[in-house]
Amino acid sequence: MYLNAYAFLLLLVGIGIMLLPGYRISWWLLVPQAIVALPCFKGASTIFASWKDKKRKYDLLMQRNAEQFRPDTFTEFMHAPCGRLLTKIVLEDMHCPERYRELKHLRQPFIKQLRKNCQPRKHTVYVNPNI
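Since the model is a prediction, treat every value here as computed from it, not as a measurement.

Peer 1: Summarise the pattern of salt bridges; cite the residues concerned and give the values.
Peer 2: A full pass over the atoms with the stated rule returns four salt bridges. As a salt-bridge pair, D53 and K57 come within 3.3 Å of each other at their nearest N and O atoms. In this pair, D53 and K57 both sit in helix α3 (residues 51-64), four residues apart, roughly one turn of the helix. In this structure D53 comes out as partly exposed when scored by relative accessible area, which is 30%.

This is the structure in structure tokens:
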């Protein structure tokens, strides 16, 4: 439930937008309402669909940090809100939630993340010749 908090928030925002009584003014206001609400519903469904991946990443973090706390394993999870929630849950289950303060420096500023995510990326596909 906690890991999907943002999905529930998006779902509630989408429902709230659709419940606005714009049809009383004009039936044409239903079109912009739907246009604004659909991305909310899509985002919520995407987050809900990633549940298995979150469980896998949770297990991976628990295994990597079982013997000793390794801050470098949390780097990729500190860039997104869902990853930060996952980090908090893992730290809670490891009985060291106070260590989250140590990991906050791994979080990049929003503008820096936006620039990085909006640049084109080069993808390389490796084909194993032995298979």
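There is more to say, and it comes next.
Peer 1: Go over the layout of surface pockets with me, naming the residues and quoting the values.
Peer 2: Its boundaries defined by the atoms lining it, the largest pocket holds a volume of some 240 Å³. In this structure, the largest pocket is lined by T46, I47, S50, D53, K54, K57, E76, F77, A80, C82, G83 and L86.

Peer 1: If you had to explain the packing of α3 against helix α4 (residues 81-93) to someone new, which residues and values would you point to?
Peer 2: Their axes nearest at 10 Å, the elements α3 and α4 cross at an angle of 45°. Relative to α4, α3 is oriented oblique. Remark: the crossing between α3 and α4 carries right-handed chirality. Across from K54, K57, Y58, L61 and M62 in α3, the residues of α4 making contact are C82, L86, I89, V90 and D93.

Cut-offs applied
Residues numbered from 1 in each chain as written. Predicted model: local features only at pLDDT ≥ 70, side-chain atom pairs only at ≥ 80, totals over all residues. Heavy atoms only, no water. Salt bridge = Lys/Arg side-chain N within 4 Å of Asp/Glu carboxyl O. Helix = DSSP H or I, 4+ residues; strand = E, 2+ residues; numbered from the N terminus. Buried < 20%, exposed > 50% of the residue type's maximum accessible area, 1.4 Å probe, protein only. 1 Å grid on protein atoms, 1.4 Å probe; cavity = no way out; pocket = protein on both sides within 12 Å on 5 of 7 lines; lining within 4 Å. Points joined across faces, edges and corners; volume = space filled by probe spheres on them. Axes fitted to C-alpha atoms, helices over the stretch in contact; angles between N-to-C directions. Parallel < 35°, antiparallel > 145°, perpendicular 65-115°, else oblique. Left-handed = near helix turned anticlockwise from the far one by under 90°. Contact = heavy atoms within 4.5 Å.

None of this, on its own, says anything about what the molecule does.
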